[in-house]
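Working through the structure, step by step
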Number of protein chains: 2
Amino acid sequence: MFESAEIGHRVEKERWKQESARLRHALLQAQYRLLNEGRTAVLILVNGVDGAGRGETVNTLNEWMDPRHIRTEAFGPQTPEDRKHPEMWRFWQVLPPKGRIGIFFGSWYTDPVASFARGGETHARFVQRLERIRQFERMLVAEGVVLVKLWFHLSKKAARERLKTLQSDPKTAWRVTPQDKDNLRRYDRFIEVSDEALRKTSLGEASWLVIEGSDPAYRTLSAAQHLLQAMQGAFARRSAADGSTAAAGPAAAPDRVLQQPPFLALDSRSLLKVQDYTRSLKRSVYEDELEHWQGKLALLSRDARMHKRALALVFEGMDAAGKGSTIRRITQALDARFYRVVPVAAPNENERAQPYLWRFWRYIPDLGKSVIFDRSWYGRVLVERVEGLCAPADWMRAYGEINEYEEELCDAGVVIVKIWLAITPEEQLRRFREREQTLYKNFKITPEDWRNREKWPQYERAVEEMIDRTSTQVAPWYIVASDNKHWSRIEVLRHLCQRLEAAL
Amino acid sequence: MFESAEIGHRVEKERWKQESARLRHALLQAQYRLLNEGRTAVLILVNGVDGAGRGETVNTLNEWMDPRHIRTEAFGPQTPEDRKHPEMWRFWQVLPPKGRIGIFFGSWYTDPVASFARGGETHARFVQRLERIRQFERMLVAEGVVLVKLWFHLSKKAARERLKTLQSDPKTAWRVTPQDKDNLRRYDRFIEVSDEALRKTSLGEASWLVIEGSDPAYRTLSAAQHLLQAMQGAFARRSAADGSTAAAGPAAAPDRVLQQPPFLALDSRSLLKVQDYTRSLKRSVYEDELEHWQGKLALLSRDARMHKRALALVFEGMDAAGKGSTIRRITQALDARFYRVVPVAAPNENERAQPYLWRFWRYIPDLGKSVIFDRSWYGRVLVERVEGLCAPADWMRAYGEINEYEEELCDAGVVIVKIWLAITPEEQLRRFREREQTLYKNFKITPEDWRNREKWPQYERAVEEMIDRTSTQVAPWYIVASDNKHWSRIEVLRHLCQRLEAAL
């Protein structure tokens, strides 16, 4: 959930000047359109980690737009007075009416996350409260509220450094309260609980945007840009609905198709770009390591405790990333009676006649067995998204459906390990050429590979959103830099062994 | 939930002949259209009470349609083998593909209801499983599956009589198993748990139809008619979506607007018609009773335990049903400092700028207080539905939203009492005329009242669906026959006192 909010996003001064002027102007215009049309309300939820710039962002949004038409409310944990009313009561009292913008600094997430993280409530109660939130948000969206959910994140390291910096300066030391120190101590637990909250409430129609909070310029622009796109998306949907009503009669009226706004990178950092692709292993070291980790995997996979567990190992990666050869290094360590490799291509006719997850439900490993997926259900949010094989609304709801699916597998004892084999475009090109030139590799390169390569930026974007939305505590993604195959294979084996070890 | 499935629905022989021939023909046609288009799958869930005709209905559906394109599967509680897989696994294996019809006799509801009803599982676990079901069904619908959820019901009396009849005949006595007797003993608990399951899984896009199971002709025609309408609705939505795509471009494509098929009554019995409108009270008896119950209400409302509870009393009824005068009889017993009467008319401008439940959240009684609603949030599914003031999709999702709302109030200590004052159209006419002729009542009758009266059948239908979908264990509806005002007022006071007593 928080992967791409820990890579040091940073906006340069020149860019800031230019973008802040543009966004400021556009936001104000959008705010007035909202006000004049009076058909939608906008509600911005501001949550996240201490010190990640929530308050500053709220202030900036108020400064950039016309604050007379914005209502900002702060919500902490429930007070005893709040507890006398239904949980949602205090939020209902201050919902923004149509035409207006509401900013909730802290929200209906604050108390459930805090209460569960601090051990004051059971997990069952936490899950129930999240479910109530989901119903509530679904209702708001159906009633025409544009819900913008922002989560400001700091890595543990960044959070620690922030406190240190504040404390070291007598002018700011007073800002560090015992509560801050206590929160830092509970950082891991807070993130774990937040991960579950975000995962279970990322509806297609109101999903979270996680923003890295360490650079003020980056976080402000991210929030502002996201808000602008949400408002523009709502205007566009309204217009389309009005148009289709006129054309097709009342049956087509409240059209709720979600469209994806164009993605504008604010800096050149991205989850895939920040990987270190230069690491490599010498053949002799590689061979020793391979033997070591394959031996370990052989033992782990034959451990008696594995009879009550199953393994689903998912490989995804750009063309020529090395999925097949990596899988072979893994199966060499496994007992052929207990694993199967499932290569996933375009769905056949039977599969197209079913919900997209259907074909993967059929391959769920029995307890004691392993299934290795060479591509997987993530095709929905990768190739199907990029190639337009399904509607935006369909792949946007898929993140939640996939998280739900993986949680069900987990509950049933399946250990899920998801690997993204990351290569650079340069390395892909090298491998493509090699395939063309080597006779026995010739069959592995087709015109389609070259076509896909042209869409590299769209795929990259889809991969990053996939990892942000589906890397969960239950089933995290491992991104493995794979320009060097030796390095990559050992990394994969190591991740796999460590995760199995932790699960047994 | 089960109100209108306990009123002795019964289809006459002549009607049966006529309707069964018509439906049989239409279903077969629809089945072939489904098959030829190959764009949607239909999945029918058959659940309910023992002996309510589930098996017979499944057989009839197979007989009426082409069984080669129907796949019927039976599901009981999970076996130990099932438990080795994720819960939904066994259902995924046999989902009908596009073009086909699947009938699940027993379904993903069977095990959660049975496990919780028999005490094998906690309430929290039950709620979690229902939530998983909700997600799953939402996904199925989004993937284009038409989900038809049928619940066959028998009143406790009917269930008991059925067993007796079977036992009394040596030819059928063998059919009564110890399990049947055990189930009958647990009837109340089973119904209570089922009520929660149905309430929490009646999504707008896949709501339950509860069918009274005592008369074979009635239950068969009900199920068949509902199935036919669901299929025809899906065809219509497809056509509309195709049309609007052509007209308005891709943005308007997957249109999910729900349309309400015309309602065809199979017999003349209905929840409102079966009330006994002839009951009355003599003035002298009435005055004694009034004093008695008002005294009781006065004591109950001043009970110290009421400081931790609140009361929301909802009055709905046709025009001139006596809401105002009944409310006065209640407030006479209350302390003016602790109650307020909220008359609900059409929403004003501020209210229209918010989600429809917003204005009612504002009137939630504080602990220790009472609020009496003269009309209420049920306007959404009554006047707004009948007058077309909101789209079908909006009032259809409202049942679930209202149930959720009332459950939240309940959790916060609010006792909800909902009264439908039922009058006959003849009595309404009499009262309208009286209002026209009595000078000081003249202001109470307007041309709008006469207009509403013309839509009596549509209102009646809306009322019955409202009661079926929102009368829950948490907040049941009381239907009070009110042609005689004396009788009605005492009944209301009695229900109110009894419910308060039970809640304290």
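These figures come from a predicted structure and were not determined experimentally. (Residues numbered from 1 in each chain as written. Chains lettered and ligands numbered in written order. Predicted model: local features only at pLDDT ≥ 70, side-chain atom pairs only at ≥ 80, totals over all residues. Heavy atoms only, no water.)

We now examine the pattern of salt bridges. Pairing is possible between side chains that carry opposite charge, provided their charged atoms lie close to one another. Counted according to the given criterion, the structure contains 100 salt bridges over all chains. In this structure, Arg10(A) and Asp215(A) form a salt bridge, with 3.7 Å as the shortest nitrogen-oxygen distance. Taken together, the residues span a long stretch of sequence, with Arg10(A) in the segment before α1 (13-37) and Asp215(A) in the loop between β5 (208-212) and α10 (216-248) at a distance of 205 residues. Exposure remark for Asp215(A): the relative accessible area of 6% places this residue in the buried category. Residues Arg90(B) and Asp82(B) are paired through a salt bridge, measuring 3.4 Å at the closest nitrogen-oxygen approach. Take Arg90(B): its relative accessible area is 11%, and that puts it in the buried class. What you see here is one network of salt bridges that share partners, running through Arg132(A), Asp195(B), Glu196(B), Arg199(B), Lys200(B), Glu404(B), Glu407(B) and Asp411(B). (Salt bridge = Lys/Arg side-chain N within 4 Å of Asp/Glu carboxyl O. Helix = DSSP H or I, 4+ residues; strand = E, 2+ residues; numbered from the N terminus. Buried < 20%, exposed > 50% of the residue type's maximum accessible area, 1.4 Å probe, protein only.)

A few words now on the interface of chain B and chain A. Each side of the interface is counted separately: chain B has 58 residues, and chain A has 58 residues. Counting each side, the surface lost to burial between chain B and chain A is near 5200 Å², with a carbon and sulfur contribution of 56%. Broken down residue by residue, the surface that chain B buries against chain A is led by Trp92(B), Arg132(B) and Trp361(B), which jointly contribute 13%. Scanning the region where chain B abuts chain A turns up 12 salt bridges. The shortest N-O distance in the salt bridge between Arg132(B) and Glu407(A) comes to 3.6 Å. Summed over the shared surface of chain B and chain A, the number is 25 residue pairs in polar contact (both at pLDDT 80 or more). Elements with a minimum of two residues in the side of chain B that touches chain A: α4 (89-92), α6 (123-142), α10 (216-248), α14 (358-361) and α16 (392-411) of chain B. (Contact = heavy atoms within 4.5 Å. Buried area = accessible area lost by both parts, 1.4 Å probe. Polar contact = N/O pair within 3.5 Å; in protein donor to acceptor, adjacent residues only side chain to side chain.)

Time to look at the side chain of Asn62(A). Of note, Asn62(A) is situated in helix α2 (residues 54-64). Among all residues touching Asn62(A), those that are not within four sequence positions of it are Pro67(A), Ile70(A), Thr72(A) and Ile103(A).

In this section: the domain arrangement of chain A. Residues and elements named next belong to chain A. Domain boundaries assigned for chain A yield domain 1 (3-252) and domain 2 (283-503). Once you take the C-alpha centre of each, domain 1 and domain 2 turn out to be 33 Å apart. At the junction of the two partners, domain 1 supplies 11 residues and domain 2 supplies 12 residues. Between domain 1 and domain 2, the buried area comes to about 1000 Å², and carbon and sulfur atoms account for 40% of it. Counting every contact that joins domain 1 to domain 2 gives two salt bridges. Scanning the region where domain 1 abuts domain 2 turns up six residue pairs in polar contact (both at pLDDT 80 or more). At five residues, helix α9 (residues 187-200) tops the list of elements feeding residues into the side of domain 1 that touches domain 2. (Domains from an automatic or database assignment.)

Take the relation of the copies chain B and chain A next. With an RMSD of 0.0 Å, chain B superimposes on chain A once it is rotated by 180° and translated 0.0 Å along the axis. Accordingly, the operation relating the two chain copies is best matched by a two-fold axis. With an isologous cut-off of 70% or more, the 100% of interface residues of chain B that recur at the interface of chain A puts this contact in the isologous class. (Least-squares fit on C-alpha atoms with pLDDT ≥ 70 in both.)

Our focus in this paragraph is the sheet that holds strand β4 (residues 145-153) of chain B. All names here are of chain B. Read across the open sheet, the five strands follow the order β2-β3-β1-β4-β5; overall the sheet is parallel. Each having just a single partner strand, β2 (70-74) and β5 (208-212) make up the two edges of the open sheet. The mean angle between the axes of side-by-side strands here comes to 20°, regardless of whether they run parallel or antiparallel. Here strand β1 (residues 41-48) pairs with strand β3 (residues 101-105) via five bridges, running parallel. Each bridged residue has a counterpart across the sheet, and for leucine 43 the counterpart in β3 is glycine 102. (Pairing = 2+ DSSP bridges. Axes fitted to C-alpha atoms, helices over the stretch in contact; angles between N-to-C directions.)

Residue and element names in this part refer to chain A. Spatially, β7-β8-β6-β9-β10 is the arrangement adopted by the five strands of the open sheet, whose pairing is parallel. Each edge of the sheet is formed by a strand with only one pairing partner; in this case those strands are β7 (339-343) and β10 (477-481). If you compare each strand with its neighbour and ignore which way they point, the axes differ by 20° on average. Strand direction decides the pairing type here: strand β6 (residues 310-317) and strand β8 (residues 370-374), joined by five bridges, are parallel. Among the inter-strand pairings, leucine 311 is bridged to a residue of β8, identified as serine 370. Sitting on the sheet, helix α12 (residues 323-331) is in contact with β6, β7, β8 and β9 (414-422), with an inclination near 155° to β6.

On to helix α16 (residues 392-411) of chain A. Residue and element names in this part refer to chain A. Taking 1.5 Å per residue, 20 residues should reach 28 Å; α16 reaches 29 Å between its end C-alpha atoms and fits that length. At alanine 398, α16 shows its maximal bend, which comes to roughly 30°. By the criterion of burial, α16 is predominantly enclosed, with 16 of the 20 residues buried. Trailing α16 by a residue or two, glycine 413 shows a phi angle of about 100°, which is positive. (Expected span 1.5 Å × (residues − 1). Bend = angle between axes of the 7 residues up to and from the residue.)

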